[in-house]
Amino acid sequence: MKPLTVCVPRGALLEGSVARLKAAGFDVSPFDEAGRRLIFSAPDGTVFVTTRPTDVPTYVQAGAADVGIVGKDVLIERQPDVYEMADLRFGECRMVYATAADEDPTSGALNRLGTVRIATKYTRVAQEYFAMTGRQAEVVKVNGSVELAPLVGLAHGIVDLVATGQTLRENGLVAREEIFESSARLIANRVSHKVRAAELDALAARLSGIS
Amino acid sequence: MTDLRPEPPGLPAGARDSLPTESEELGAIETGLRGAFAAYGYREVATPVLEYADVLETAIDQQLGDVYRLFDDAGRVMVLRPDITVPVSRLIATRMSDHSGPIRVFYFGRAFRPPPPGTPGASEVRQAGAELVGASGPAADAELIALLHRSLSAAGIGDLTIAIGDISLTEAILDGIGVPREIRTRLGRALAARNLVEWQEIAAAVNVSGPMRELLYELPAQRGGREVLSKVCQIAPGAEPACRDVSQLLTLLEQYGIAEDVMLDVGIARDWPYYSGVVLEAHSSNVGAPLAVGGRYDRLAERFGTPRPAVGCAIDLDVLNRALTLQGTNGDREASGVVVVDGLDHHLAAAESLRARGVPIVCLPSGQSDPAEFAARDGWRYVVEPDAQGFRVLDTRDGSSKTVSSLEDVVA
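Cut-off values and rules
- Residues numbered from 1 in each chain as written.
- Chains lettered and ligands numbered in written order.
- Predicted model: local features only at pLDDT ≥ 70, side-chain atom pairs only at ≥ 80, totals over all residues.
- Heavy atoms only, no water.
- Phe/Tyr/Trp six-rings, centres within 6.5 Å; stacked < 30°, edge-to-face > 60°.
- Buried < 20%, exposed > 50% of the residue type's maximum accessible area, 1.4 Å probe, protein only.
- Lys NZ or Arg CZ within 6 Å of the ring centre and 35° of its normal.
- Domains from an automatic or database assignment.
- pLDDT = per-residue confidence, 0-100.
- Axes fitted to C-alpha atoms, helices over the stretch in contact; angles between N-to-C directions.
- Helix = DSSP H or I, 4+ residues; strand = E, 2+ residues; numbered from the N terminus.
- Parallel < 35°, antiparallel > 145°, perpendicular 65-115°, else oblique.
- Contact = heavy atoms within 4.5 Å.
- Nonpolar A, V, L, I, M, F, W, Y, C, P; charged D, E, K, R; others polar.
- Expected span 1.5 Å × (residues − 1).
- Pairing = 2+ DSSP bridges.
- Buried area = accessible area lost by both parts, 1.4 Å probe.
- Salt bridge = Lys/Arg side-chain N within 4 Å of Asp/Glu carboxyl O.
- Polar contact = N/O pair within 3.5 Å; in protein donor to acceptor, adjacent residues only side chain to side chain.

**Remarks on the packing of aromatic side chains**
Reasoning step 1: In the structure shown here, the tally under the stated rule is 10 aromatic pairs over all chains.
Reasoning step 2: Their ring planes at 40 degrees and their centres at 6.3 Å tell us that Phe40(A) and Phe48(A) sit as a pair that is tilted. Of the two residues examined, Phe40(A) and Phe48(A), each falls in the buried class.
Reasoning step 3: Here Arg206(A) stacks its cationic end above the ring of Phe26(A), 4.6 Å away from the centre of that ring.
Reasoning step 4: In this structure, Arg194(B) packs its charged tip against the face of Tyr83(A), placed 5.8 Å from the ring centre.

Set out below in structure tokens:
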């Protein structure tokens, strides 16, 4: 059988993922030496691939990786067809709706304009959340520095992931509503979940710190 | 950038063409599958691409969701069939209701699903499937699973895993543990979404303790051999009848000689509600999607007025083709055939007699430049050009050439 391929997100979850892999007994030295390499093998044969966080489900769903570590936020936004095997309980953060700290423009916008304008990377989350709460929203997709949007009048508020809230504070924003809590998850390809059942169950237990 | 070329003619999202090599490979797959279906006495049927939406929706007891819809002259909503199992069930219930059964049929066809926005999914899925109608119990399930195993093996899959679960077994276990109805609905939804984290969160709220609690917690992860069955049946009271059926199914699969490639998987879920007994998925480690899915749906045919138990499966031919390509068995076709320069105008009788012997003859006009390149591109073996002595023959396989006096002598 092919070596086990693990997809690890670059970005906020990388450090926690590597720490967890190390605690689970993987030799993670290749991560320190990797530099800009995107794929490398551990001495035990395990292949690690590193991708942007939002691409992890794509690789796993297609079977390019057997398992992956990814934030729940990405799973809710992307709705991939993969097994969500374990809550790894690190990388905890909240998906929130945030607006300017001095005055919340939301109800004013809804009353006067009938709709509130939201800037976000998470368009599906924002659309579904505002639809669910019975409010009309225009969702604007931005790819980074979401906090900027309300400051320059692109949007009334933002939907974004918040860990400590420091970025919000520094930009004069405050979380008004919590949408869901997120943490890192272990996901598995549909076929790998069957064909490598014992291997993946053991991996899930090791990464969760159960054994 | 200025580009004055006309925009290339596009295709709707998810639609795609098949070129000759792919078509030949699919043809070879189809030949393998047909041989397996025939060996079990299954006979071919076909249903139309267009069906009435309300007929299918009544049958599956839910809205069709994302399908291609159009209207007939009277304004009635039609759909491009999103699957073939339900139409074949309709066909058997309405056209073959006087058949004493069991009825064994297979089909080849396309099912149509609009791909979700932003995903590379195909809008047409090429499928082959088999249905065994009018027979119930582990023996019928075993035949269908054996047929699926033989079909995929005949198509060339070398590392097959067929995962089987049983809806009635899972229900019996949940009954035995005493999981309340409303929690079961939520568990079912979590399972259909393959969300084992959510399953465990819901399970944690159920008021049981000890081994039963652990079993409930780990139920969707229970996959393996017979030991899984004895484990769950020891713990969950009242699950014995369902366990006996699955155990008998495993015994029959051992007699078919395929038990090694079968794994029990209590957590297989189907998102269509018409499955009632065994459910199955076939996997190859080379591709990340199931080669085939299927199961038992004893309550489907009655929706069309002829109650009859049924078990069936549908093979995704595109996934199967991808698995064979990645496995490396979809090699290049062995070069054969004869390219005849000036064959369009002359040597017609000789060409016909070769064709009658089964040798492909590909004719080119006289004066065609570089016929060898033409032959290499499409995988033809011999290139024949008429000359003063008769015909000059190039064998592209080894580069040798010879001269023959008549066309029939090209292939000795």
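**So, the domain arrangement of chain B**
Reasoning step 1: Taken domain by domain, chain B comprises domain 1 (20-327) and domain 2 (336-410).
Reasoning step 2: For domain 1 of chain B versus domain 2 of chain B, the separation of C-alpha centres amounts to 50 Å.

**A look at the confidence of the model for chain B**
Reasoning step 1: Per-residue confidence for chain B gives a mean pLDDT of 90, with 97% of residues at or over 70.
Reasoning step 2: Scoring of the predicted complex yields 0.88 for pTM and 0.83 for ipTM.

**Quick notes on the packing of helix H9 (residues 226-235) of chain B against helix H10 (residues 240-256) of chain B**
All names here are of chain B.
Reasoning step 1: Running from amino to carboxyl end, H9 crosses H10 at an angle of 170 degrees, the nearest separation of the two axes being 10 Å. When the interaxial angle is binned, H9 and H10 end up roughly antiparallel. Across from Arg 226, Leu 229 and Cys 233 in H9, the residues of H10 making contact are Glu 240, Cys 243, Val 246, Ser 247, Leu 250, Thr 251 and Glu 254.
Reasoning step 2: Here the contact of H9 with H10 is composed, by residue class, of 5 nonpolar, 2 polar and 3 charged.

**Section: helix H4 (residues 138-155) of chain B**
All names here are of chain B.
Reasoning step 1: Between the first and last C-alpha of H4 there are 26 Å, a value that for 18 residues agrees with the 26 Å anticipated at 1.5 Å per step.
Reasoning step 2: The buried count for H4 comes to 14 of 18 residues, which makes it a mostly enclosed element.
Reasoning step 3: Gly 156 sits one or two positions beyond H4 and adopts a positive phi of about 115 degrees.

**Structural notes on the pairing of strand E9 (residues 157-162) of chain A**
Along any regular strand, the residues point their side chains to alternate faces of the sheet.
All names here are of chain A.
Reasoning step 1: Among the 6 residues that make up E9, 5 are buried, leaving the element largely enclosed by the rest of the structure.
Reasoning step 2: Relative to E9, strand E6 (residues 93-100) runs antiparallel, the two sharing 6 bridges. The partner of Met 95 across the bridge, within E9, is Leu 161.
Reasoning step 3: Pairing between strand E7 (residues 116-120) and E9: 3 bridges, direction parallel. The partner of Ala 119 across the bridge, within E9, is Ile 158.

**Thoughts on the interface of chain B and chain A**
Reasoning step 1: Listed per partner, the contact involves 22 residues of chain B and 21 residues of chain A.
Reasoning step 2: Taken together, both faces of the contact between chain B and chain A bury some 1800 Å²; the carbon and sulfur share is 51%.
Reasoning step 3: On the chain B side of the interface with chain A, the three residues burying the most area are Arg194(B), Val197(B) and Arg223(B), jointly 37% of the side's total.
Reasoning step 4: The interface formed by chain B and chain A holds 4 salt bridges in total.
Reasoning step 5: At the surface where chain B touches chain A, the tally comes to 12 residue pairs in polar contact (both at pLDDT 80 or more).
Reasoning step 6: If you list the elements that add at least two residues to the side of chain B that touches chain A, you get strand E7 (160-166), helix H7 (196-203), strand E9 (262-265) and strand E10 (278-284) of chain B.
Reasoning step 7: By residue number, the principal contributor to the side of chain B that touches chain A is E10(B), which donates 3 residues.
Reasoning step 8: Its residues assigned to classes, the side of chain B that touches chain A comprises 10 nonpolar, 7 polar and 5 charged.

**With respect to the sheet that holds strand E5 (residues 83-87) of chain A**
Reasoning step 1: Spatially, the 6 strands line up as an open sheet ordered E2-E3-E1-E4-E11-E5 (chain A), and their pairing is mixed. A single partner strand is all that each edge strand has here, and the edge strands are strand E2 (39-41) and E5 of chain A. This sheet shows a mean twist of 25 degrees between the axes of neighbouring strands, independent of strand direction.
Reasoning step 2: By the bridge criterion, 4 bridges tie E5(A) to strand E11 (residues 184-188) of chain A in an arrangement that is antiparallel. Residue Tyr83(A) lies in a different strand from E11(A), and its bridge partner there is Ala188(A).
Reasoning step 3: Strands in contact with helix H10 (residues 197-208) of chain A are strand E4 (67-71), E5 and E11 of chain A; relative to E5(A), the strand with the most contacts, it is inclined by about 30 degrees.
Reasoning step 4: Contacts between H7(B) and the sheet are confined to E5 and E11 of chain A, with E5(A) contributing the most and set at about 55 degrees to the helix.

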